[in-house]
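Structural description and commentary
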Amino acid sequence: MSHGLKLLIEMGPLVAFFVANWLGGPYWATGAVMVATLISLAVSWIMTRKLALMPLVTAAFVAVFGALTFWFHDEAFIQVKVTLINAMFGAALLIGLMFGRSYVKLIMESAISMPDSAWRTLSLRWGLFFVGMAVLNEVLRHSLSWDNWVTFKAFGLIGLTLVFAVANAPFMARHAIEDEAKT
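Residues numbered from 1 in each chain as written. Predicted model: local features only at pLDDT ≥ 70, side-chain atom pairs only at ≥ 80, totals over all residues. Heavy atoms only, no water.

**Things to note about the packing of helix α1 (residues 3-24) against helix α2 (residues 26-48)**
It is the contact of α1 with α2, at a shortest axis distance of 7 Å, that shows an interaxial angle of 165°. The angle between the axes of α1 and α2 places the two elements in the roughly antiparallel class. Where α1 crosses over α2, the two elements pack in a sense that is right-handed. From α1, Leu5, Ile9, Gly12, Pro13, Ala16, Phe17, Ala20, Asn21 and Gly24 reach across to α2, where they touch Pro26, Trp28, Ala29, Thr30, Ala32, Val33, Ala36, Thr37, Ser40, Val43, Ser44 and Met47. Counted by class, the contact of α1 with α2 contains 14 nonpolar, seven polar and no charged residues. (Axes fitted to C-alpha atoms, helices over the stretch in contact; angles between N-to-C directions. Helix = DSSP H or I, 4+ residues; strand = E, 2+ residues; numbered from the N terminus. Parallel < 35°, antiparallel > 145°, perpendicular 65-115°, else oblique. Left-handed = near helix turned anticlockwise from the far one by under 90°. Contact = heavy atoms within 4.5 Å. Nonpolar A, V, L, I, M, F, W, Y, C, P; charged D, E, K, R; others polar.)

**Topic: unusual backbone geometry**
A positive phi angle is found at Arg49, which is not glycine, with a value near 60°. With respect to the helices and strands, the residue Arg49 is situated in the loop between α2 and α3 (53-72). In this structure, His73 is a non-glycine residue whose phi angle is positive, near 50°.

**Details of a nonpolar patch on the surface**
A cluster of nonpolar residues, Met1, Trp45, Ile46, Met47, Leu51 and Leu56, forms a patch on the protein surface that exposes about 570 Å² of accessible area. When residues of the nonpolar patch are assigned to their parent elements, the largest contribution, three residues, is made by α2. By secondary structure assignment, the location of Met1 is in the segment before α1. (Patch = residues over 30% accessible without salt bridge, like charges linked within 9 Å, V, L, I, M, F, W, Y side chains within 5 Å. Areas by Shrake-Rupley, 256 points an atom, 1.4 Å probe, with all protein chains shown as cover. Salt bridge = Lys/Arg side-chain N within 4 Å of Asp/Glu carboxyl O.)

**So, α3**
Over its 20 residues, α3 runs 28 Å from end to end, which matches the ideal 28 Å to within 8%, given 1.5 Å per residue. Of the positions making up α3, those classed as buried are Val57, Ala59, Phe61, Val62, Phe65, Gly66 and Thr69. The elements touched by buried residues of α3 are α2 and α4 (76-98). Two residues or fewer past α3, His73 is found with a positive phi of approximately 50°. (Expected span 1.5 Å × (residues − 1). Buried < 20%, exposed > 50% of the residue type's maximum accessible area, 1.4 Å probe, protein only.)

All we've got here are geometric facts, nothing functional implied.
Have a look at this one:
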C-alpha cells in the first residue's frame, strides 16, 4: 500500500470529524467519525488483508464512546475518548518498560536498528508524551468551547505529535546502527 493511501486511510476519520462538525455540529461529527472509522478499517483490510492493533483499538474506542455520546446526548464522551486513548497508549509503553519490553521497538525496528538502551529511552519519551497529551486534552476540553476543542483535536494533536516525532529524529539518527550487510 502506498504511503499516500495509508495516510488517507488513517486521516480520513479525522477529516470526516472536522468537516462534519463544521457542517452540522457535534453529533454529526460523532456519527461521521464512527462511519469513517469503519470505512477506514474495511479499506485497510481489503488492501492488506490484515488490521494493525492500534487502529483496531482506536475503532473500538470510537464505537463505544460515539455510542455513549449519542445515548446520553453529551459530546463529552467523544472528547474523553481522546484522553483515554492517549492515556492507554502512554500506560502501555510505560508499563511495557517496567517489564523490560519496548513496544516502540516492536513497531519501528523494521525501519531502524538501534541499541536496546536507545529503544528504552524512545519508549519512555513516547510514553510520557502520550500521558502528557491525555492531560492536555483534559485541560483543553474543560477550558475550550466545543469548536475550539475540535480545532485542537484536528490540528493541535497532529501538530504536536509531528513536532515531537521530528524532535526525536536526531536522537534516533545518533543511535542508529548501520546495517552491516551494506558495509
